[in-house]
Amino acid sequence: APIYHRELVQCLQLGNYLQGGPFVVETLLHYMAIEMLRRADNSMDLWHLLGVIMRVAIMMGYHRDPDNFPGTFTPFESEMRRRCWGFLYPVDIMFSFQFGTPRTIREDDHDTRPPRNLLDSDLYEDMPELPPPRPHTESTFVVFMQARWQLSRAFGAIHDLRLAPRTNVDELRRAEM
């Protein structure tokens, strides 16, 4: 595993990851997952790493729904970008809460929709269009991602209120009710 970790870092460096490019955000997320497993708890280093990943993702337009740019992304690429953002968005809120910092991106800063409730086997690179989503009663990994997305939106709003410089205690109490 240390060899894999070292080579992953080398690939990111050789690929000039701060400039973006194909699979850079996904590779950075993979790197962050490895770092999370290597540490006893979430450290401030992981929060900094997430900040880099969020900024690269924003620079590459992950915060904008692919449907806003017809002809730019295939249906498969669009869904993969939504899944990637569907992971990043809640993690940004959770890390921000954990470290008592403002989140990197707020509701008005993005318009990417949550991914569709589809199995991985429903997707393939050359697909002409995305299939209709499966019902929410069908348990897939994406159902969890969609639920976490909705909870994160509410939690993010509360977190924003909590950190607002002019928030008073009465506003917080009303928000909790």
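Counting from 1, residues in each chain are numbered in the order their sequence is written. Local features in a predicted model are, by the rule used here, given only for residues with pLDDT of at least 70; side-chain atom pairs are given and counted only at 80 or more, and totals for whole chains, interfaces and linings are based on all residues. Working from all heavy atoms in the structure, the side-chain values ignore hydrogens and water.

Trainee: Provide a residue-level description of the pattern of salt bridges, including the pertinent values.
Mentor: Definition used for salt bridges: Asp or Glu carboxyl oxygen within 4 Å of a side-chain nitrogen of Lys or Arg. For the structure on display, the rule yields 17 salt bridges. For the salt bridge of Asp-65 with Arg-82, the shortest nitrogen-to-oxygen distance reads 2.9 Å. Within this pair, whereas Asp-65 is found in the loop between α3 (44-59) and α4 (75-99), its partner Arg-82 is found in helix α4, the two being separated by 17 residues in sequence. The pair formed by Asp-65 and Arg-82 is uniform in burial state, with each residue classed as buried. Salt bridges here are not isolated pairs; linked through shared partners, they connect Asp-65, Asp-67, Glu-79, Arg-82, Arg-83, Arg-113 and Asp-120. Each helix is a run of DSSP H or I of at least 4 residues and each strand a run of E of at least 2, with the numbering of both proceeding from the N terminus. Throughout this description, buried means an accessible area under 20% of the type-specific maximum (1.4 Å probe, protein chains only), exposed means over 50%, and partly exposed covers the range between.

Trainee: Tell me about the packing of α4 against helix α5 (residues 141-163), and name the residues and values.
Mentor: Only the stretch in contact is used when fitting a helix axis, every axis being a line fitted to C-alpha atoms; angles between N-to-C directions are given from 0 to 180 degrees. At a closest axis distance of 9 Å, the pairing of α4 and α5 adopts a crossing angle of 35°. The element α4 and its partner α5 pack so that their crossing is left-handed. Contacts from Arg-83, Trp-85, Gly-86, Phe-87, Tyr-89, Pro-90, Ile-93, Met-94, Ser-96 and Phe-97 of α4 reach α5 at Val-142, Met-145, Arg-148, Trp-149, Ser-152, Arg-153, Phe-155, Gly-156, His-159 and Arg-162. In the scheme used here, Gly and all other residues not listed as nonpolar or charged are polar, with Ala, Val, Leu, Ile, Met, Phe, Trp, Tyr, Cys and Pro taken as nonpolar and Asp, Glu, Lys and Arg as charged. Looking at the contact of α4 with α5 residue by residue, the class counts come to 11 nonpolar, 5 polar and 4 charged. Left-handed describes a crossing whose near helix is turned anticlockwise from the far helix by less than a right angle; the clockwise case is right-handed. When checking whether two residues touch, look at their non-hydrogen atoms; a contact exists if any pair is within 4.5 Å.

Trainee: Which residues make up the packing of helix α2 (residues 24-38) against α3, and what are the values?
Mentor: Look at α2 against α3: their axes get within 10 Å of each other, and the N-to-C directions meet at 170°. Relative to α3, the element α2 lies roughly antiparallel. Contacts between α2 and α3 involve Val-24, Val-25, Leu-28, Leu-29, Tyr-31, Met-32, Glu-35 and Met-36 from the former and Leu-46, Leu-49, Leu-50, Ile-53, Val-56 and Ala-57 from the latter. Looking at the contact of α2 with α3 residue by residue, the classes come out as 13 nonpolar, no polar and 1 charged. Angular relationships are summarised with four words: roughly parallel below 35 degrees, roughly antiparallel beyond 145, roughly perpendicular across 65 to 115, and oblique for the angles in between.

Trainee: Which residues make up the packing of aromatic side chains, and what values go with them?
Mentor: Two rings from Phe, Tyr or Trp (for Trp, the six-membered ring) form a pair when their centres are within 6.5 Å of each other. A pair whose planes differ by under 30 degrees is stacked, one over 60 is edge-to-face, and the rest are tilted. Applying the stated rule across the entire model yields 5 aromatic pairs. With 6.3 Å between their ring centres and 75° between their planes, Phe-95 and Phe-99 make a pair best called edge-to-face. Of the two residues, Phe-95 and Phe-99 are both situated in helix α4; the distance of 4 residues between them amounts to about one turn of the helix. An angle of 45° between the planes, with centres 6.0 Å apart, marks the rings of Phe-141 and Phe-144 as tilted. Remark: Phe-144 and Phe-141 occur in helix α5; sequence separation between them is 3 residues, near one turn of the helix. You can call Phe-144 partly exposed: its relative accessible area is 46%. These aromatic residues form a ring-pair network of at least three members: Trp-47, Phe-95 and Phe-99. Over a ring means this: the NZ of a Lys or the CZ of an Arg is within 6 Å of the ring centre and within 35 degrees of the ring normal. One cation-aromatic arrangement involves Arg-81 over Tyr-62; the distance from NZ or CZ to the ring centre is 4.1 Å.

Trainee: Which residues make up the state of the cysteines, and what values do they have?
Mentor: The term disulfide is used for any two cysteine sulfur atoms that are within 2.5 Å. One pass over the full model with this rule turns up 0 disulfides. Free of any disulfide, Cys-84 has its nearest cysteine sulfur in Cys-11, 18 Å distant.

Trainee: Which residues make up the environment of Cys-11, and what values do they have?
Mentor: Tracing the backbone shows Cys-11 in helix α1 (residues 2-14). Remark: the alpha-carbon pair of Cys-11 and Val-24, spanning 13 residues in sequence, is separated by 9.7 Å.

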